[in-house]
Amino acid sequence: MELHPALPPFDTGMLPVDDGHSLYWETVGSPQGVPVVMLHGGPGAGCSERDRRLFDPERTYAVLFDQRGAGRSTPSGSIDHNNTRQLVADIERLRNHLGIEQWWVFGGSWGTTLALAYGQAHPQRCLGFVLRGTWLYTHHEVQAMFGPASIHAPYWYAELLRLTGSTSVTQLLTRAQALVQSDDPAEHGPIARALLSYEWVLCDFPPLSLDEALQPENLAMARIGLHYQVHQGFLQEGQLLDGMSAIQHLPGFIIHGEQDWVCPLSTAQTLHARWPGSQLRVVPGEGHADSTPGMQAAVMETLARIVGGVA
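Below you will find a few notes about this structure. (Residues numbered from 1 in each chain as written. Predicted model: local features only at pLDDT ≥ 70, side-chain atom pairs only at ≥ 80, totals over all residues. Heavy atoms only, no water.)

In this section: the pairing of strand β4 (residues 60-65). When a strand is regular, its side chains alternate between the sheet's two faces. The buried fraction of β4 is high, at 6 of 6 residues. Neither face of β4 is left uncovered, since the one carrying Thr60, Ala62 and Leu64 and the one carrying Tyr61, Val63 and Phe65 both have all their residues buried. As paired strands, strand β2 (residues 22-29) and β4 are joined by 5 bridges and run antiparallel to one another. Following the sheet pairing, Gly29 is matched in β4 by Tyr61. (Buried < 20%, exposed > 50% of the residue type's maximum accessible area, 1.4 Å probe, protein only. Helix = DSSP H or I, 4+ residues; strand = E, 2+ residues; numbered from the N terminus. Pairing = 2+ DSSP bridges.)

Here we take up empty space enclosed by the protein. The gaps of empty space that remain are located by a probe, the size of a water molecule, rolled over the atoms. What the rule picks out here adds up to 2 cavities of 30 Å³ or more. Of the pockets and cavities examined, the largest cavity occupies roughly 40 Å³. Of the residues assigned to the lining of the largest cavity, the class counts are 5 nonpolar, 1 polar and 2 charged. Lining the second largest cavity, in full, are Leu136, Tyr137, Thr138, Leu235, Gln236, Gly238, Gln239, Leu240 and Leu241. A per-class count over the lining of the second largest cavity returns 5 nonpolar, 4 polar and no charged. (1 Å grid on protein atoms, 1.4 Å probe; cavity = no way out; pocket = protein on both sides within 12 Å on 5 of 7 lines; lining within 4 Å. Points joined across faces, edges and corners; volume = space filled by probe spheres on them. Nonpolar A, V, L, I, M, F, W, Y, C, P; charged D, E, K, R; others polar.)

Turning our attention to the pattern of salt bridges. Taken as a whole, this structure holds 15 salt bridges when the rule is applied. With a closest N to O distance of 2.5 Å, Asp18 and Arg68 form a salt bridge. Taken together, the positions of Asp18 in the loop between β1 (11-16) and β2 and Arg68 in the loop between β4 and α2 (84-98) put the pair 50 residues apart, joining distant regions of the chain. By relative accessible area, Asp18 is classed as partly exposed at 22%. Across the salt bridge formed by Asp18 and Arg93, the nearest N and O atoms sit 2.9 Å from each other. Taken together, the residues Asp18 in the loop between β1 and β2 and Arg93 in helix α2 connect sequence positions 75 residues apart. Residue classification places Arg93 among the partly exposed positions, given a relative accessible area of 31%. Through salt bridges with shared partners, one network takes in Asp18, Arg68, Asp90 and Arg93. (Salt bridge = Lys/Arg side-chain N within 4 Å of Asp/Glu carboxyl O.)

This paragraph deals with the sheet that holds strand β6 (residues 126-132). The strand order across the open sheet built from 8 strands is β1-β2-β4-β3-β5-β6-β7-β8, with neighbouring strands paired in mixed fashion. The two strands at the open ends of the sheet, each matched to only one other strand, are β1 and β8 (279-283). Sheet twist, expressed as the average angle between the axes of neighbouring strands with direction ignored, equals 20°. Contacting β1, β2, β3 (34-39), β4 and β5 (103-108), α2 crosses the sheet at an angle of about 50° to β2. (Axes fitted to C-alpha atoms, helices over the stretch in contact; angles between N-to-C directions. Contact = heavy atoms within 4.5 Å.)

A few words now on unusual backbone geometry. Following Gly42, the chain continues to Pro43 via a peptide bond in cis, the omega torsion being -5°. Residue position: Pro43 is located in the loop between β3 and α1 (49-52). Here the residue pair Thr74 and Pro75 is connected by a cis peptide bond, since its omega of -5° sits within 30 degrees of zero. Take Pro75: it is sitting in the loop between β4 and α2. Positive phi, normally seen in glycine, also occurs at Gln232, with a value near 45°.

Bringing the layout of surface pockets into the picture now. Volume-wise, the largest pocket comes out at about 980 Å³. Elements with a minimum of two residues in the lining of the largest pocket: β3, α1, β5, α7 (185-202) and α9 (216-230). Of all the elements, α9 adds the most residues to the lining of the largest pocket, at 7 residues. Its residues assigned to classes, the lining of the largest pocket comprises 21 nonpolar, 14 polar and 6 charged.

Another point: the packing of aromatic side chains. With the rule as written, the count across this model stands at 12 aromatic pairs. Considering the side-chain rings of Trp104 and Phe253, the 6.2 Å spacing of their centres and the 40° angle between planes classify their relative orientation as tilted. Of this pair, Trp104 sits in strand β5 while Phe253 sits in strand β7 (residues 252-257), and the two are 149 residues apart along the sequence. The interplanar angle of 80° and the centroid separation of 5.4 Å between the aromatic rings of Trp135 and Tyr137 together place this pair among those described as edge-to-face. For Trp135, a relative accessible area of 4% translates into the label buried. By relative accessible area, which is 2% here, Tyr137 ends up buried. Taken together, the ring pairs in this structure connect Trp110, Trp135, Tyr137, Tyr228 and Phe234 into an aromatic cluster. (Phe/Tyr/Trp six-rings, centres within 6.5 Å; stacked < 30°, edge-to-face > 60°.)

In terms of burial, β6 is a largely internal element, 6 of the 7 residues being buried. Taken together, the 6 bridges between β5 and β6 define a ladder with parallel strand orientation. Residue Val105 lies in a different strand from β6, and its bridge partner there is Phe129. When β6 meets β7, the two strands line up parallel, connected through 4 bridges. Looking at β7, one finds that Leu131 is bridged to Ile254.

Written out as C-alpha cells, the structure reads:
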C-alpha cells in the first residue's frame, strides 16, 4: 500500500506547556475528517514528513506533535520535567488547544506505551486505539531488548558493554545515561552512536556514523530514550495491564511484526488477551519498523478502517 501524497500541514504551531517546555504540533488533512492523534516512538524520536503520509487527507484530521525535548520541540533533548505523567498531560493540553472533543489514539513502539497511559487517564476522550509494535515498559521487555535481542546486533551490543564496562542491563543503562548526558562530545558521541546503532540494527536499519549520532535530533533521542529506560518509562511494573479496565470497552487494533526484535511479540499477545474486544494482527516476516512494505500496508489499512467507519 503506497503512502498518501506528500502534502503540507493544514496548520502548525508551538504550544507552551510548563517548566519551560514548548511543543511543536501540526495538523494534516481535513478538519471535517475523523480526528486521530499520532504519538511517536523513541522516546525522543519526533514526527517526520513521512508520518503525515500515513493518513488519508480527505477523511482524516490527523494531529502530530513532537513530545517534550524531541524533534522541533524546545528545549531540544531536555530531560528536565520530562516524564510519562507530564507527557500525558501535554496530550490533553493539545487536545483542548485544538478544540477536539474525542479522537483516535495511534502510537508506534514507545508511542503505544504513551497511548495506553493517556487512554487510561482520559478514556472519555478516546474513540479507540491503533497500536503498532506494542511496548508496555515491563522489566521483562527491557531485559529482553538488551539481552536475548542482542544476538541480532552483536557488534553494537559489544560496543555498549565496552563503552560502559557493564556486566548487567541495569548497569549498562545507568552508565550509558551518565555518559550521554556529558557535555563532552568525546563521551556523549560514542555512546549515543552505539545505543542508536544497536536499536537501528535491530530494526534492520544501517548503523549511524559518529557525525550522524552527534546531530541534535539524534543526540536528543539518545538522551531522552535512556532517561526513560533508566526509569522504566516512569511506570510501575505491570501498571498498563492492571489499568486496562478503564479502556477495554473501546476498540483496539494491535499490529505487530512477527520478527520484531525490539518489542517482543509476546507483549502484544499479552495485551490482546487482557483486551477481549481488541484485534491482533501479526504481520508475517516483518520486524519493528513501520516503513517496510508489509508493516506499512498493515498500518495504513488499519488507519483507513477507523476513518472509513468500518471498525
